[in-house]
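# A structural walkthrough
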Amino acid sequence: MGLIVIFLLLGLVMFEANVEIKDFDIWLHLASGRYIIDHFSVPQADVLSCSISGKPWINHSWLFQVLLAESYRAAGFEGLINLQVAIVLLIFILLIFLGLRTGHQLLPLSFLILVLLTFETRLTLRPDIFSFLFLVFYIFILSNGLNHWRTLLILFFVQVLWVNIHGFFILGPFMILIGIIAEWIRRHIRLPYEWNNIGKLNDDEYLFFKIAFAVVVGACFINPYGLRGVLYPLNILSSLSGESKIFFSHISELAKPITFQTVFSLEPYWYFRAAIFVSFLGFIIHRKKIDISILLLWGIFLVLGLSALRNMVFFVLFAYVTFLFHLDILSPIKFLEEREKLKYVLAIILKIFLVAWIINYIGALSVRGYFDFDTLERKSEFGGVSKRLFPYKAVDFLVENKIKGNFYNQFNSGAYLLGRTYPDIKVFIDGRTEVYGPRFFKKSQDILYGDYKYFENTVKKYNITGVFLNWMSDRVPEKLLKNLYADKSWVLVYFDYDGAVFLKDIIENQKWILRHRVDLDRFVVPKLDMLKVGITPVIPFQYLNRANAFLALGFLEQARLEAQQALRIDPRITESYKLLGSIAAKQKNYDDAFCYYRQAKLLSPHDLEIRYYLAQGFYYLEDLDNAQKQCEKIVAAEPQNAKTFYFLVLVLIKQEKYEEALKALKKADKLSPYFSEELKDVEDILKTKNLFGPLKEMNEIIEKKKKVRRSK
Amino acid sequence: MSDRFWKKMSYVFSLLPIGALFGVLVSLANLEIRDLDLWLHLGMGKFITLHGFVPDYDILSSTIAGKMWINHEWLFQVIVYHLFNLFGPDGLLKMQMVLVVATVFFLLLIGYNKDRLAITNFFLVIVMLLYQQRFTIRPDLFSLLFFAIYIFVLALHLDKKWALPVLFIVQVLWTNIHGFFFFGPFFVLIGVFSEWLRRSVRLPYEWNDSGKLTDEEYVRLQIIFLVVSLACFFNPSGVQGVLYPLRVLFSLGGENKIFFDYIQELQKPINFNTLWSLGESRYYKLAIVLSFMTFIYNRRRIDVSALLLWIIFLIFSLNAGRNIPFFAFSAYLVSITNLFNIDFKEIVPLRFSYKKFQYLTLIVFHLLMVIWIFEYGQEMTSRVYYDIDNYERKAEFNGGIGKEGYPYKAVAFLKENHIEGNFFNDFNSGAYLVGNVFPQIKVFIDGRTEVYGGKFFRKYNELWKDGNTALLDKEIARYHLTGALLNSSRQHIPKETLQYFYHAKDWVLVYFDHDALIFLKDIPKNKKWIEKFRIDLTAWKPPVVDLLKIGEARAVPFQNYYRAYTLESLDLDEPALLELEEALKIAPDYFQVYSLLGKIYAKKKNYAKAFQYFRVKLGVSPSDKEARFNLAMAYNDLKEYAYAMKQYQIIVRSWPNDPKGYFFLSNAYVKNKEYEKAVNVFKKVYPNKSKSFQDSIKIIENLCDQKAYAYAKEIFDFVSRVEGNNEDFKNDLNDLKTSKCLDFDIKNSCSDVCEN
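Below is a short write-up of the structure. This one's a predicted model, so the numbers in the text were calculated from it and none came from an experiment.

### Some details on the overall build of chain A
Across its full length, chain A carries 31 helices and eight strands. Computed over the C-alpha atoms, the radius of gyration of chain A is 29 Å, within 12% of the 27 Å expected from 2.2 N^0.38 for a compact globule of 712 residues. By its C-alpha atoms, chain A is 85 × 60 × 60 Å across when sized along the principal axes. When each of the 712 residues of chain A is scored for burial, the buried share is 56%. With the model as given, the accessible surface of chain A reaches about 31,900 Å², and the carbon-plus-sulfur share is 61%.

### A few points about the overall build of chain B
The secondary structure content of chain B amounts to 34 helices and eight strands. C-alpha extents for chain B along the principal axes are approximately 95 × 65 × 60 Å. The proportion of buried residues among the 756 residues of chain B is 56%. Put simply, 70% of the contacts in chain B that link residues at least 6 apart link residues at least 24 apart. Split by element, the accessible area of chain B, about 33,600 Å² in all, is 58% carbon and sulfur. Within chain B, one finds 87 positive and 78 negative side-chain charges whose respective centroids are separated by 4 Å.

### Considerations on a nonpolar patch on the surface
Residue and element names in this part refer to chain B. A grouping of L230, F233, F234, V239, L243, L246 and F250 is seen on the molecular surface, where their side chains present a nonpolar patch of about 740 Å² in accessible area. If one sorts the elements of the nonpolar patch by residue count, helix α9 (residues 239-251) sits on top with four residues. Summarising the element assignment, L230 is placed in helix α8 (residues 215-231).

### Regarding the sheet that holds strand β7 (residues 507-512) of chain B
All names here are of chain B. Reading across the sheet, the five strands line up as β5-β4-β6-β8-β7 and stay open at both edges, with mixed pairing between neighbours. Edge strands, defined here as strands with exactly one partner in the open sheet, are β5 (441-442) and β7. Bridge count for β7 against strand β8 (residues 516-521) is five bridges, and the pairing is antiparallel. What sits directly across from V508, in β8, is L520.

### Some thoughts on the side chain of K394(B)
Residues and elements named next belong to chain B. Counting through the fold element by element, K394 comes out in strand β3 (residues 392-395). With relative accessibility at 19%, the residue K394 sits in the buried group. In this structure the side chain of K394 is engaged in a polar contact, spanning 2.9 Å, whose partner is the side chain of E32.

### Things to note about the sheet that holds strand β7 (residues 490-496) of chain A
All names here are of chain A. Spatially, five strands are ordered β5-β4-β6-β8-β7 in an open sheet, and the strand pairing comes out mixed. The strands lining the two open edges of the sheet, one partner per strand, are β5 (425-426) and β7. Bridging between strand β4 (residues 405-409) and β5 involves two bridges; their strand directions are parallel. Within the sheet, the bridge partner assigned to N406 lies in β5 and is K426. Sheet strands in contact with helix α18 (residues 452-462) are β4, β6 (466-470), β7 and β8 (499-504), and its direction is about 105 degrees off that of β7.

### As for the pairing of β8(A)
Residues and elements named next belong to chain A. Counting buried residues in β8 gives five out of six residues, a clear majority hidden from the surface. Sheet topology note: the β6/β8 ladder contains five bridges and is antiparallel. For V467, the partnering residue across the bridge sits in β8 and is F502. Sheet topology places β7 next to β8; six bridges connect them, and they run antiparallel. Bridge pairing in β8 places W490 opposite K504. Joining the antiparallel neighbours β7 and β8 is a turn of two residues.

### Points about unusual backbone geometry
For residues other than glycine, phi is negative in most cases, and the peptide bonds are mostly trans. The omega torsion across Y422(A) and P423(A) is 5 degrees, close enough to zero to call that bond cis. One can find P423(A) in the loop between α16 (411-421) and β5. Of note, the amide linkage connecting F438(B) to P439(B) takes the cis form, showing an omega dihedral of 5 degrees. Mapped onto the elements of the fold, P439(B) is located in the loop between α17 (430-437) and β5. Phi is positive for Y391(B), which is not a glycine, with a value near 55 degrees. Residue placement: Y391(B) occurs in the loop between β2 (384-387) and β3. What makes Y391(B) partly exposed here is its relative accessible area of 24%. Even without a glycine there, the phi angle at K605(B) is positive, about 65 degrees.

### Section: the side chain of S14(B)
Residues and elements named next belong to chain B. Summarising the element assignment, S14 is placed in helix α1 (residues 3-28). Within the structure, the side chain of S14 is placed 2.5 Å from the backbone oxygen of Y11, a separation counted as a polar contact. If we ignore the near neighbours within four places in the chain, the residues touching S14 are L117, N121 and H366.

### Here we look at helix α24 (residues 574-586) of chain A
All names here are of chain A. The end-to-end C-alpha separation of α24 is 19 Å, in line with the 18 Å expected for 13 residues at 1.5 Å each. In terms of burial, α24 is a largely internal element, eleven of the 13 residues being buried. Downstream of α24 by one or two residues, K588 has phi in the positive range, about 60 degrees.

### With respect to a positive patch on the surface
Residues and elements named next belong to chain B. Taken together, the side chains of R4, K7, K8, K114 and K355 present a region of like positive charge at the surface. Of the residues forming the positive patch, the biggest block, three residues, is contributed by α1. Looking at the secondary structure, you find R4 in helix α1. In this structure R4 comes out as exposed when scored by relative accessible area, which is 61%.

### With respect to the pattern of salt bridges
Following the criterion strictly, the structure yields 73 salt bridges over all chains and no others. For R475(A), the salt bridge is made with E609(A), and the minimal N-O distance between the two is 2.9 Å. With a gap of 134 residues between them, R475(A) in the loop between β6 and α19 (478-486) and E609(A) in helix α26 (residues 608-620) connect regions that are remote in the sequence. Here E609(A) falls in the partly exposed class, since its relative accessible area comes to 25%. A salt bridge links D303(B) to R198(B); the nearest nitrogen and oxygen atoms lie 2.7 Å apart. Linking D303(B) in the loop between α11 (282-297) and α12 (304-319) with R198(B) in helix α7 (residues 183-200), this pair joins segments that are 105 residues apart in sequence. Comparing D303(B) with R198(B), the two get one shared label, buried. Here the residues in one salt-bridge network are D23(A), D25(A), R122(A), R126(A), D128(A) and R310(A), joined through shared partners.

### As for the nonpolar core
By size, the foremost hydrophobic cluster in this structure holds 445 residues, and its most contacted members are F92(A), L95(A), F315(A), Y408(A), F455(A), F424(B) and F501(B). Once you skip the residues sitting within four places of it in the chain, F455(A) turns out to touch Y408(A), I447(A), V467(A), L480(A), L484(A) and W490(A). Counting 50 residues, the second-largest nonpolar core is a separate cluster that includes L608(A), A642(A), A664(A) and V682(A).

### What about the packing of aromatic side chains?
Enumeration over the complete set of coordinates arrives at 120 aromatic pairs over all chains. Judged by centre distance (5.2 Å) and plane angle (75 degrees), the ring pair of F119(A) and F132(A) falls under edge-to-face. Taken together, the residues span a long stretch of sequence, with F119(A) in helix α4 (residues 106-120) and F132(A) in helix α5 (residues 127-144) at a distance of 13 residues. F132(A) shares its class with F119(A); the two are buried. For the pair F316(B) and F326(B), a centre-to-centre distance of 6.1 Å together with 65 degrees between the ring planes defines the contact as edge-to-face. Linking F316(B) in helix α12 with F326(B) in helix α13 (residues 324-340), this pair joins segments that are ten residues apart in sequence. Of the two residues, F316(B) and F326(B), neither departs from the other in class, the shared state being buried. The residue whose ring lies beneath K443(A) is Y454(A), and the NZ or CZ to ring-centre distance is 5.0 Å. Sitting over the ring of W512(A), K511(A) keeps its end group 4.2 Å from the ring centre.

Analysis parameters
- Residues numbered from 1 in each chain as written.
- Chains lettered and ligands numbered in written order.
- Predicted model: local features only at pLDDT ≥ 70, side-chain atom pairs only at ≥ 80, totals over all residues.
- Heavy atoms only, no water.
- Helix = DSSP H or I, 4+ residues; strand = E, 2+ residues; numbered from the N terminus.
- Rg over C-alpha atoms; globule rule 2.2 N^0.38 Å.
- Buried < 20%, exposed > 50% of the residue type's maximum accessible area, 1.4 Å probe, protein only.
- Areas by Shrake-Rupley, 256 points an atom, 1.4 Å probe, with all protein chains shown as cover.
- Contact = heavy atoms within 4.5 Å.
- Lys, Arg positive; Asp, Glu negative; His and termini not counted.
- Charge placed at Lys NZ, Arg CZ, Asp CG, Glu CD.
- Patch = residues over 30% accessible without salt bridge, like charges linked within 9 Å, V, L, I, M, F, W, Y side chains within 5 Å.
- Salt bridge = Lys/Arg side-chain N within 4 Å of Asp/Glu carboxyl O.
- Pairing = 2+ DSSP bridges.
- Polar contact = N/O pair within 3.5 Å; in protein donor to acceptor, adjacent residues only side chain to side chain.
- Axes fitted to C-alpha atoms, helices over the stretch in contact; angles between N-to-C directions.
- Expected span 1.5 Å × (residues − 1).
- Core = buried A, V, L, I, M, F, W, Y, C linked by side-chain atoms within 4.5 Å.
- Phe/Tyr/Trp six-rings, centres within 6.5 Å; stacked < 30°, edge-to-face > 60°.
- Lys NZ or Arg CZ within 6 Å of the ring centre and 35° of its normal.

Below is the structure:
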């Protein structure tokens, strides 16, 4: 029975690992891998971007990139997916071996379900999965004991691979170092209960550990950058506080999995929480016989896991090890000791449940998919490349027309552009945050938020001849889009649901401009053959994306038609109502605007952004009391929401609640130094009511903000 | 801390769930009034109070006026009338709270055991989950209380002197409150019979000794049986009153069986289709399984009376959902009886190294139970809905009267305008009419199924559901009906009935809203109301709803939807569309609207739009049969026969016992020119699943349209062999002969069959 569970589990692993390609950075790795293979050298400086060209670049994943590029050359995208499947399968085979070695089956396999569910969040072909593999390998080796030169050789070899594949190679030596520190503690510090004796090494083993540490540290130097390559992860770690913190709020994988607000809730990531709880319980039950090295590593991996989503898997892998370690321990609750037969019967029943659960889960996974607008069929989430995340049509346009140049782009599309168009197109920014640095990143964000002057300077500085705007994986950059469209020196040559391409009106671009210039006034909303769609659930994102873009550009009628079409396809989509509300508001049809915002709110009751729009709806209809209530609910849930605080200022001023308005303004000012559109209306009210004098402090804050805006 | 300390702590914590349970019960008992029959009781209570006697003949209805009626609930009616009169609906709810608390208190006393409170608490929670499904102001509440008292006295205090007089008083009250009074003597009889079994029959294991009474107790029990049986005679109808429940019981097998199909509370809670489903009646199933398992664990020392009680009430509850709480109480009693007899170690495979851990585990168990009870209570009591009339949120568990189930506006209209007469009404509104407008208005039918009887109910169905116009004419004349209240608050008004009154020249619509339509006969007596309130539905506009006032509250636009449904039934499609548009503005996710929108557009032959709406509805409710049929028909209307076929194939797979799906699939195959498949599917359904030759003839016609005469003949011959001399079939064949079948062969065959 246990074998059935094992095979099913491995089957599930293979199935899950077969997930479609949806990672952004993979494209950058492909481009880089191509470069390395073609030039037979690992670049020491940037070669991909037009903005940081020549800047020193520690390409810590070069070996991964080569592997990737070769797999792609040999077997295309399927080759890449197969590579992922192989790695993940190997990881789980090693984990199962580790589990079976304890003499137990059911419990390790059950915990592996938690591991797999956590793994799902990182099932994407990145160097990280090699780090997971190497980590498991290290655990496997170390659990066998460090007492043979062969072990040293294996560790050395693994470490060399690791250092050239992923920046987390530091974990290898780190684990051994913890082992050494733990042993030192056992020998020199009086620990509680029997901790001093648990996991204690003899002198030979202790020496071997130290030699192993030296060996793996030495292995780290075998990389194209030498010492710089070794120090690279430490440099990254040290830069994480300070300015680099900006990345944590913009990059989803760097967000914390558990926050203060969600600490007592089961969601999100209940499996991660379960792993924490179960592994922690092991320490409690086994408190008299804790192995200090395991405790230290568990604690460190827990901190790592709690710090960012991307690190959760590291923790659960080690939590599994911890769990295995504590399995044999007898507890105050003796389970069925005098009823062997009942014990086996129960075990069989539980395994049957596990089998049923796995089969059921595979069934549920196999139907995961989405509607493919190109083929008008359902596309499974497994196999192939995602059609929902990448601006592939826009990039197809660039590739088919062989467009070249230096392009301004958003952060999320940089890697994809590189993977598809390099070296014809050099990007402005891509996913290499550690190379670009926080200041550059912030500046690139400023351009998106509307700093057109800076954009113009950037164009001159980096000789930018094209702009690639993507709204598949990003919001429509409204201000930039509007400015570009209005700017006569830029011409729109591509516009669709996935993005827009502008070319600078220069001689080099003329042939494409003449052929592909887009007149948005003539844009026709494509009709979807609903008969073919049938009852397949479809998220009409194409229409919604275009509608958002049209709205930003001020093409209200086109935006309305797109939103109506989206509603026709699925009337449950909140975004459609939100768009229609915004369109109605712009047309000063406030009754309709409120109606739509209200409908949006009913469909997404917990969406704070929609609540913000509803607050606006109340405001337009002069129901200031309710507008205030909505704002207060938003800031109660999201105390850092500066935009809402600004709006609240406006609402309070209109109600003549000046003291509260001032409090709100101060809060908003602390959260965001930028001048907000709402403050224009506040100024108007103050002017109309002649309140500048009495509300001196408020006026001062507003003036200060205006200066910040002008200076920018 | 010593074991004694932990033991005391464990006991203290075991009291917490009891407190939580009573707290939640009180909240749950404050459920707004929704019961239909209550109003009849209030109406009768008023009559009895004002006139000082209990009539033994009907006085409420125009159809059974003067018929003999054993009013077995007169005392309940008087009680509720007085409470309602003095304290309003909250008075009734307070009464409910008191009854519920008292009932559960008795149950607690029965199961109280200081060392085993975990078991008592656990099963009391199960009781609560089942009991609260019947929290509605009805005489059943008293029956359940008396049930609990009986068990309490018989199980624990049989030897006490006060047992006999208490049971006597309880039985007298019970006889005059609810028809289930016969349970009283019945319990005692079970006890007597069980004791006889123990003494006279060799039972397995130690059953003969388990629960055995002393001789004195046995004699006491027999005396109690006689006394409580005699107590049953203390009712206004004497012997008739005593025999009443038996009469009702015996009539349930005959013509009165029809009620089980129509009245929800009389339907079986578990049937073959829902047996393994966890979604349906899961707590009831849990109670059955757990209580059964306690018999298994205690198999050596089963108390025969407990076993008999359990079996009888299990059968009783499996027959009708309304009886589940009785089973819940029985299951509780037998479970604690069984579990108190066995060692904890035999049930739970856990062994504790230290006693302290056992007590700690129990403390944690009780804490978790408290948390669960509170969360359950909170989840239930936080249920609110939006009252669009008053623009405010109303909690379901905050007392008052729930409006949604009553035609309250229509009846208020009747009351305010002092409209009188004999009214045609539906089954569900009868009691409400009685409670509010009797004696000005006499009803056609109300909830007293045992008085109207199965035959009358069948006739009523012909009138209400089928809209049998000839019968309607006859009954209107027979009972001098001068008004009709067509209630749409709980169900849609059947189209035929609606059309009858709307198009009848001598009936005038004077009231229309989501809850009902009121028609008055155009006679001199009704002139003043007709002139004042006549309504022209062709000019109907939906009432304006102030969305700003509703704000972000979730309001269900059932009013717009019900009005739209009625308007559509009257083929007033434009006003219906306006109502539906308003409904979606109020709640964009009120997907019922989409079915009706699709239906309207299909009627207008705008099939593309109809398809658009049907696909949305089905997308939201993929297991909705009607939605799938609608979508299939939309494909059909759009001449997309291949897609239509796919949908019918799904229908046939999902609902293999519905013949309609097969007929439609067969037709779809015909239209898609897959004649062989059409014939094969047809043969699957006819005549085994359905003998609808009308549907068969449609298929034949379609085949003839396609000039697939050979296949048409094959089906025709097949049907003829089955129908042979059926006159209706021959009549339909005449149409076939003259209409579409041009093929000489079939025409002649038709003639042959007709002539034979």
